[in-house]
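Fold and geometry: a report
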Amino acid sequence: MLIPTLTTERLILRAPEARDIAPFAEFYASDRARFVGGPLTAEGSWRMLAMEIGHWTLKGFGRWIAETKDTGEAVGLIGLFEPEGWPEPEIGWDLFNGFEGKGYATEAGQAARSYAYDILGWPTAISLVKPGNDGSAAVATRLGAYADGSITHERHGPMQVYRHPAPVELADGGIEAYS
Amino acid sequence: MSAADFSIPVIETRRLILRGPEPEDYPDFKSTFTSYRARFMGGPLNAYEAWMLYAAEIGHWQIRGFGMWMIHDKKTDETYGMAGGWKPAKWPEAEIAWVIWPEAAGQGLALEATHAARKYFYKTGWDSAVSYIDPKNLDSIRLAERLGAVKDPDAASVDGNDVVYRHPSPAALNDTQLAHGIDMEISHYADPLFKPKGYAID
């Protein structure tokens, strides 16, 4: 399928491609990936990148590679995720090594959520955060999401559910209070 | 290869049509890969892993420019399994791979699909191919041999638990006795008068 491209103030969100394997594998091999199913071997990362591309074909949505407008560097994998057995459609953000703390996850997460609400018509969205992943929880909070219970996934274990404001709440300008 | 200009080719054979993996075919894939049938292919997988693998089969096409086709019946569109090329990160060489759903075995469908897939890859630039097979997977070893592949003890395996079968070169399949033999076996399977004797093979 044709994967759409989104643009934000500082980022371009585009389809994952073969050339992304290096930063992708470096992140998923690192300890920082322990909250998102890692660390993975090089083989595991390769298959995961392939999976991210196929996710678009199977679901009609998926995760984008976010790259900076000015340098073209890939800063993370951010977007919409719902593999089989996922509790609900999710907005997820994995920032590659060295790109934390710049607000990229919040910026791209907001664009992904707008796409989900405005283009796909999602009535609601969640984000899943593993216990201890404080950076990710802070992004969820900045996006206006609030804690809404927890789930246990057979592969990923216990995860906190953050529920995003509904489209109508955002249309009221609710997001401005958090930005 | 960019997303915009890439589409998975379609191959037609006497009885089959090979197309890229599509969302609606996933239940058939899942049924085999979550079953004991998948024990020689890294399975059985749970539902989450099966979905991830199916998505990766699609992404493989995008990344490598080749991949696994879904095997459909030309008339009914029913799926019978998958065949094609496979080369995830750890694979030493490009592999020709196949899987046939258990209930579709014994009709020469894997032979017909894999023979066509190999022909396609050779036509589009491959000069060599292997298959990595679990040594206990006798049906697959038989199929490799019927395709003219021979054990290559000097070739690197994926992880030491698999045996490498090397496929005949493009020249060895160009109007040769081997190629005619494979075509003849396929045509016998496709012929309603042909009744195979003995144990059913893929």
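These notes cover the structure that comes with them. (Residues numbered from 1 in each chain as written. Chains lettered and ligands numbered in written order. Predicted model: local features only at pLDDT ≥ 70, side-chain atom pairs only at ≥ 80, totals over all residues.)

1. Section: the overall build of chain B
Along its length, chain B carries five helices and eight strands. Listed by position from the N terminus, the elements making up chain B come as β-β-α-α-β-β-β-α-β-α-β-β-α. Compactness check: chain B gives a C-alpha radius of gyration of 16 Å against a globular reference of 17 Å for 202 residues, within 12% of the reference. For the C-alpha atoms alone, the extent of chain B along its principal axes is close to 40 × 40 × 35 Å. Looking at chain B as a whole, 37% of its 202 residues qualify as buried. Considering only intrachain contacts with a sequence separation of at least 6, the fraction spanning at least 24 residues in chain B is 58%. (Helix = DSSP H or I, 4+ residues; strand = E, 2+ residues; numbered from the N terminus. Rg over C-alpha atoms; globule rule 2.2 N^0.38 Å. Buried ≥ 20, exposed ≤ 12 C-beta atoms within 10 Å, placed from the backbone. Contact = placed C-beta atoms within 7 Å.)

2. With respect to the overall build of chain A
The number of helices and strands found in chain A is five helices and eight strands. Each helix and strand of chain A, ordered N terminal to C terminal, gives the series β-β-α-α-β-β-β-α-β-α-β-β-α. In terms of overall dimensions, chain A is globule-like: its C-alpha atoms have a radius of gyration of 15 Å, near the 16 Å expected for 179 residues. Based on the C-alpha atoms only, the size of chain A along its principal axes is roughly 45 × 35 × 30 Å. Relative to its full complement of 179 residues, chain A shows a buried share of 42%. At a minimum sequence separation of 6, the contacts of chain A that also span at least 24 residues come to 54%.

3. What to know about the interface of chain A and chain B
Opposite the 23 residues of chain A that make contact, chain B presents 23 residues. Looking at the side of chain A that touches chain B, its residues break down into 12 nonpolar, four polar and seven charged. (Nonpolar A, V, L, I, M, F, W, Y, C, P; charged D, E, K, R; others polar.)

4. Some points on helix α1 (residues 21-29) of chain A
Within the span of α1 of chain A, buried status applies to P23, F24, A25, F27 and Y28 of chain A. Against α2 (42-59), β4 (74-81) and β5 (90-95) of chain A lie the buried residues of α1 of chain A.

5. Structural notes on the nonpolar core
The tendency in soluble globular proteins is for nonpolar side chains to be buried as a group. Counting 96 residues, the largest nonpolar core has A66, I78 and A108 of chain A together with I71, A83, W98 and A113 of chain B as its most contacted members. Considering every element that reaches this core, the biggest residue donor is helix α2 (residues 47-64) of chain B, with 10 residues. For A66 of chain A, the contacting residues outside a window of four places in its chain are L11, L13, V75, G76, I78, Y104 and A108 of chain A. (Core = buried A, V, L, I, M, F, W, Y, C linked by C-beta atoms within 7 Å.)

6. What about the pairing of strand β7 (residues 146-153) of chain A?
Remember that side chains alternate between the two faces of the sheet whenever the strand is regular. Residue and element names in this part refer to chain A. Counting buried positions along β7 gives zero out of eight residues, so the element sits mostly on the surface. Bridge analysis of β7 against strand β8 (residues 157-163) gives six bridges, and the strand direction is antiparallel. Pairing of T152 across the sheet is with P158, part of β8. Counted between consecutive antiparallel strands, the loop separating β7 from β8 contains three residues. (Pairing = 2+ DSSP bridges.)

7. Remarks on the environment of P27 of chain B
Residues and elements named next belong to chain B. Mapping P27 onto the fold places it in helix α1 (residues 26-33). A residue is classified by how many C-beta atoms lie within 10 Å of it, and P27, with 9 of them, is exposed. In sequence terms P27 and W51 are 24 residues apart; their C-alpha atoms lie 9.4 Å from each other.

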